[in-house]
Amino acid sequence: MTSKELRPANFINIHCHRLSSEKSIFSYNPGINDLPKGVLFSIGIHPWSLSGEIIPQLQAMSEVYNLAQDNKCLMVGESGIDRMRGPNLEFQEDSLREHIRISEELEKPLILHNVRGLDVILKLHREMRPKQAWILHDFNGNDIQIKQIKGKNIFASLGPTFMRDNSKIAQFATDLDIKTIFFETDDAKDLKICAVYEKYAGLLNMELQTLCDQIEKNFSNLFGSNV
């Protein structure tokens, strides 16, 4: 069965910046983009959006906390760590801690941006012992990093980076536990979510419908069957 034979409802886009016909979660970053009405969404302050100043950060986190209580908000974030861009690492870590606290208090999963920051993310996971699942979006880990996240209630979402043949994750994606993966388009303009599904199904030599069914189970396990 090909993607053309499946309805858009069969595909789930766990993280996107452009809405399409499949079930998707829109990534909302206050002050950076606008939140469309009536959509499923996540809310958080991206590391690139952090000002590095305390007062604006407190104001932004107040909006995150308030809107994260909306029934349409399924996740907190994206927050995370980026060693290549954004304010100093200490400020990013403090912001991430606040996102983790909100995630735990509201009992909603946390979606994470990670660029050369998995060591910090795992350190905080050990320290704060979250009960909520964490999702590493557009995951680009190698075999060692995949082993590091296994068994920790940390999901990997495959997206634009996975679609590049020379990426780390394109080489090691089959090492992931299929019960802890999702797919996404992130901010890629021309990427269709069905293409990400098709590539992963091809790597596993799996029927596309079987993969869709598994991702639906993953989604239901995380967010409930009524979403």
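Preceding block: the structure.
The structure contained in this document is the topic of the report that follows. (Residues numbered from 1 in each chain as written. Predicted model: local features only at pLDDT ≥ 70, side-chain atom pairs only at ≥ 80, totals over all residues. Heavy atoms only, no water.)

So, the nonpolar core
Core analysis: the largest hydrophobic core is formed by 65 residues, its most contacted members being Phe139, Leu158, Leu176, Phe183, Tyr197 and Tyr200. In terms of residue count, the dominant contributor to this core is helix H7 (residues 208-223) (six residues). Among residues more than four places away in sequence, those in contact with leucine 158 are Phe139, Ile169, Ala173, Leu176, Phe182, Phe183, Glu184, Val196 and Tyr200. (Core = buried A, V, L, I, M, F, W, Y, C linked by side-chain atoms within 4.5 Å. Buried < 20%, exposed > 50% of the residue type's maximum accessible area, 1.4 Å probe, protein only. Helix = DSSP H or I, 4+ residues; strand = E, 2+ residues; numbered from the N terminus. Contact = heavy atoms within 4.5 Å.)

Brief notes about the packing of aromatic side chains
Inspection of the entire model under this criterion finds six aromatic pairs. On the basis of an interplanar angle of 75 degrees and a centroid distance of 4.9 Å, the ring pair of phenylalanine 11 and tyrosine 197 is categorised as edge-to-face. With a gap of 186 residues between them, phenylalanine 11 in the segment before strand S1 (12-16) and tyrosine 197 in helix H6 (residues 193-204) connect regions that are remote in the sequence. Assigned by exposure class, phenylalanine 11 and tyrosine 197 land together as buried. Through a chain of ring-to-ring contacts, three or more aromatic side chains come together here, namely Phe11, Phe162, Phe183, Tyr197 and Tyr200. (Phe/Tyr/Trp six-rings, centres within 6.5 Å; stacked < 30°, edge-to-face > 60°.)

Notes on the state of the cysteines
In this structure the tally under the stated criterion is zero disulfides. Free of any disulfide, cysteine 194 has its nearest cysteine sulfur in cysteine 212, 9.5 Å distant. On the accessibility criterion, cysteine 212 (0% relative accessible area) is buried. (Disulfide = S-S within 2.5 Å.)

Comments concerning the sheet that holds strand S5 (residues 110-115)
Hydrogen bonds along the backbone pair up the strands of a sheet, which may run parallel or antiparallel. Here we have eight strands laid out as an open sheet, ordered S1-S2-S3-S4-S5-S6-S7-S8, and parallel in their pairing. Because the sheet does not close on itself, it has two edges, and the strands there are S1 and strand S8 (181-183). Strand-to-strand, the axes of this sheet are offset by a mean angle of 30 degrees, without reference to chain direction. Alignment of strand S3 (residues 41-43) against strand S4 (residues 73-82), held across three bridges, turns out to be parallel. Its bridge partner lying in S4, isoleucine 43 is registered against valine 76. Across the sheet, H7 touches S1, strand S2 (23-28), S4, strand S6 (134-136), strand S7 (154-158) and S8, and the angle it forms with S8 is around 110 degrees. (Pairing = 2+ DSSP bridges. Axes fitted to C-alpha atoms, helices over the stretch in contact; angles between N-to-C directions.)

As for the pairing of S2
With respect to burial, S2 is a largely interior element, five of its six residues being buried. Pairing geometry for S1 and S2, over three bridges, is parallel. Directly across from isoleucine 12, in S2, lies its bridge partner lysine 23. For S2 and S3, the ladder comprises three bridges, and the chain directions are parallel. By the bridge assignment, phenylalanine 26 is partnered in S3 with phenylalanine 41.

Things to note about the side chain of asparagine 10
Tracing the sequence through the fold places asparagine 10 in the segment before S1. By relative accessible area, which is 9% here, asparagine 10 ends up buried. With sequence-adjacent residues up to four places away left out, asparagine 10 is seen in contact with Tyr197, Gln209, Cys212 and Glu216.

Observations concerning the pairing of S7
For S7, the buried fraction is high: five of the five residues fall into the buried class. Covered by surrounding structure in S7 are Ile154, Ala156 and Leu158 together with Phe155 and Ser157, the residues of both alternating faces. By the bridge criterion, three bridges tie S6 to S7 in an arrangement that is parallel. Paired with tryptophan 134 across the strands is isoleucine 154, a residue of S7. Note: S7 against S8, three bridges, orientation parallel. If you follow serine 157 over to S8, its bridge partner there is phenylalanine 182.

Describing the environment of leucine 106
Positionally, leucine 106 belongs in helix H2 (residues 89-106). What makes leucine 106 buried here is its relative accessible area of 19%. Taking the C-alpha atoms as reference points, leucine 106 and glutamine 69, 37 residues apart in sequence, are found 7.0 Å from one another. Residue contacts for leucine 106: discarding those within four places in its chain leaves Tyr65, Ala68 and Gln69.

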